[in-house]
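Residue strings, one per chain:
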Amino acid sequence: MIESRIPASRENGFRPVKGRRAAFRRPGDDGLSGRPAWVELVIVITVTLLVTLPFIFKPFHMDDAGFIELARERRDNPMEMVLSNYTFFGQENESFLDTHPPLVSSYLALLINLTGAESETFLHLGFLIFPLIAAISMYFLARYFTRHALLAALMLIVTPGVMVMSHGLMSDVPGLSLWLAGVTLYLYGLKKKSLVLMTICGLVITTGVFTSYQVLSVIPLLFAYALIRKELSLLAFIPFALPFSAFTSYCMWHFSLLGIFPRFSYGVGEPLAWYSVIQKGASVFAALGGAVVFFAVLMRVLLAKKWDFTVYLTFLVPLWVAVTVQFATGQFTAAAAIVSILLMPLGIMLLYRIFAEGWEGLEQERRDKQAMNALLFLWLAGVLFYAIVLLPYSSVRYLLPAFPPIILLFIRLAEDRFAGSRNIQNLLIGGILATAGLGILVAEADYELAAANRDFARNEGVVYGRQVTADGRRLWFIGEFGFRYYMEQQGFTELPKDSPEVLRDGDLIVQSPLADPRPLSDEMAERVELVETVGYRGITPFRSISFKSRAGFYGHFWGILPFSLDFGNIEEYMVYRVVAAHEIEHDELQDNQ
């Protein structure tokens, strides 16, 4: 019989099994290996600690510095929303308004109060709870969708995107962990008709909303899930009441205090402009091809069938032409061109296969399974929409909420395409190991950049500072993020971009181009000369941020790739000296002669 040749793995795959009652994984069932759930949880926790604990000494990096600035203000007032007399990217602000919810900075303030110091190690230890929550939540969520729940949880935690962000103090992994926990509690609570689980779910979603505004997306997502299941009971709405009312009250309080509603971003650029959407889209496709599952494993699954390579070529050829043109015109290095051609078509192919092969079976499935599949598709589509269209720039960190549905749909795609094969588990384990290796390389590259900013401030920065102080002059810096944190730690001041009058002859200006590439104003440029360039090299050629190699893990304005390769310096710090007008005229006269 035909039915007997259809493997059981398809019951959790994309296509329904005709003539057979589809079987979901029941929460609490053991996996294929027969291991109890607690054993698999120990494995999940152990692997999470293995990829996070070695990085607890990482210097503060990127937006860590901004959250710490706000934490200082919130040590006495947990709801403080404004930084007074704050210079940001050279722009002086009497009152600088935070665009993040208050919980992460308030939690940082609590940790700082416990030790009385801003310790990198202690603060990173305090944030380990969030990748642990994310990994455990992913494990229980995956038990609803696949027979390989353990592998799905491990895959999430070792992705380059999640691994790198797990080593920081920003709101992205905390937000992801609470998003995952909220969705998981809702699915279990609705299935078990548990008032306790649904109440806890409401508390978790509320905490998530005040951790990252992205978690607001969970409310319409879960409402749609309940609607498709036709379970719009009072119990189904309980988890929405607290976050909705709490956030509404917060908006009213915010408006009464500051005269405006909370801002969700700094409003950089023109997010809806066509060129911006194209750049963000290219960045998202590259991230999906390189920052989630190792590219070789993606290829093995996505190019498994007869016509797959033909479809792949339709995506590859136009991108190859575009990248070749940019390489020929000097906009891409050879390494950036190769990485772009490798990752972007895979990202597009991944989305195409997930939606094309997954959506076609929705109408044929029974309601509960239909609702679960629709949940994953809507979850992924929603994150992609706001990442490509609504947000001011693309970043791997903003895509983290899309990682769980992508991984679950990818594993189910692999189960469907290799149905009947005993190698599916080996393929997934190999994928986890390869992805973990890539994740460690990218995480190390990010660590090296963070360390370069700290080491420059503590070494060359201190030396330059002593030189100018001895002459009664000052050292200024241009740059944000971790560079700013460590330069201010040494007592140096950020240079306002519209105040050339603060400069005196003999002052020094140090700029980190990756931390702020802005050119000096014409008036300032006329008064300075470049005296030295200080380069820092890394151990590996991997880069998380690099204008030259187009690596833009934290934002597509650095580059459209989640990572890239470059054998030059990690960063080259520019040191300028402010000189008198007559010195410049003398130098120009000598040059002319």
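On a predicted model such as this, the values are computed, not experimentally measured, just so you know. (Residues numbered from 1 in each chain as written. Predicted model: local features only at pLDDT ≥ 70, side-chain atom pairs only at ≥ 80, totals over all residues. Heavy atoms only, no water.)

1. Some words on a nonpolar patch on the surface
Together, Phe-309, Leu-313, Val-317, Trp-320, Val-321 and Val-325 make up a nonpolar patch on the protein surface, roughly 540 Å² of accessible area in all. With respect to the secondary-structure elements, Trp-320 resides in helix H14 (residues 308-328). (Patch = residues over 30% accessible without salt bridge, like charges linked within 9 Å, V, L, I, M, F, W, Y side chains within 5 Å. Areas by Shrake-Rupley, 256 points an atom, 1.4 Å probe, with all protein chains shown as cover. Salt bridge = Lys/Arg side-chain N within 4 Å of Asp/Glu carboxyl O. Helix = DSSP H or I, 4+ residues; strand = E, 2+ residues; numbered from the N terminus.)

2. Brief notes about the packing of aromatic side chains
What the rule picks out here adds up to 34 aromatic pairs. Residues Phe-477 and Phe-483 carry aromatic rings whose centres are separated by 5.9 Å and whose planes lie at 85° to one another, so their mutual orientation is edge-to-face. Its relative accessible area of 0% is what places Phe-477 among the buried residues. Judged by relative accessible area, which is 0%, Phe-483 ranks as buried. Here a set of aromatic residues connected by ring pairs shows up, and it is made of Phe-210, Tyr-213, Phe-247, Tyr-250 and Trp-253. Over the aromatic face of Trp-476 sits the side chain of Arg-474, whose NZ or CZ is 4.2 Å from the ring centroid. (Phe/Tyr/Trp six-rings, centres within 6.5 Å; stacked < 30°, edge-to-face > 60°. Buried < 20%, exposed > 50% of the residue type's maximum accessible area, 1.4 Å probe, protein only. Lys NZ or Arg CZ within 6 Å of the ring centre and 35° of its normal.)

3. Regarding a negative patch on the surface
A cluster of acidic residues, Glu-92, Asp-498, Glu-501, Asp-522, Glu-523 and Glu-526, forms a negative patch at the surface. Following the sequence through the fold, Asp-498 ends up in the loop between strand S4 (493-494) and strand S5 (508-511). (Lys, Arg positive; Asp, Glu negative; His and termini not counted. Charge placed at Lys NZ, Arg CZ, Asp CG, Glu CD.)

4. A closer look at the side chain of Ser-177
Position of Ser-177 among the secondary structure elements: in helix H8 (residues 172-192). We classify Ser-177 as buried; its relative accessible area is 0%. Among residues more than four places away in sequence, those in contact with Ser-177 are Phe-130, Ile-133, Ala-134 and Ser-137. (Contact = heavy atoms within 4.5 Å.)

5. Focus on the packing of H8 against helix H11 (residues 234-258)
Running from amino to carboxyl end, H8 crosses H11 at an angle of 155°, the nearest separation of the two axes being 10 Å. Our classification of the angle between H8 and H11 gives roughly antiparallel. Crossing geometry of H8 relative to H11 is assigned as right-handed. Here H8 contributes Tyr-186, Gly-189 and Leu-190 to the contact with H11, which in turn contributes Leu-235, Ala-236, Pro-239 and Phe-240. When grouped by side-chain class, the residues that make up the contact of H8 with H11 number six nonpolar, one polar and no charged. (Axes fitted to C-alpha atoms, helices over the stretch in contact; angles between N-to-C directions. Parallel < 35°, antiparallel > 145°, perpendicular 65-115°, else oblique. Left-handed = near helix turned anticlockwise from the far one by under 90°. Nonpolar A, V, L, I, M, F, W, Y, C, P; charged D, E, K, R; others polar.)

6. Observations regarding the environment of Leu-103
Tracing the chain through its elements places Leu-103 in helix H3 (residues 103-115). Looking at Leu-103, the relative accessible area reads 35%, which means it is partly exposed. Put simply, Leu-103 and Arg-74 are 29 residues apart on the chain and 10.0 Å apart in space, counted from C-alpha to C-alpha. Apart from the residues lying within four places of it in its own chain, the contact partners of Leu-103 are Thr-207, Phe-210 and Thr-211.

So yeah, pure geometry; function would need other evidence.
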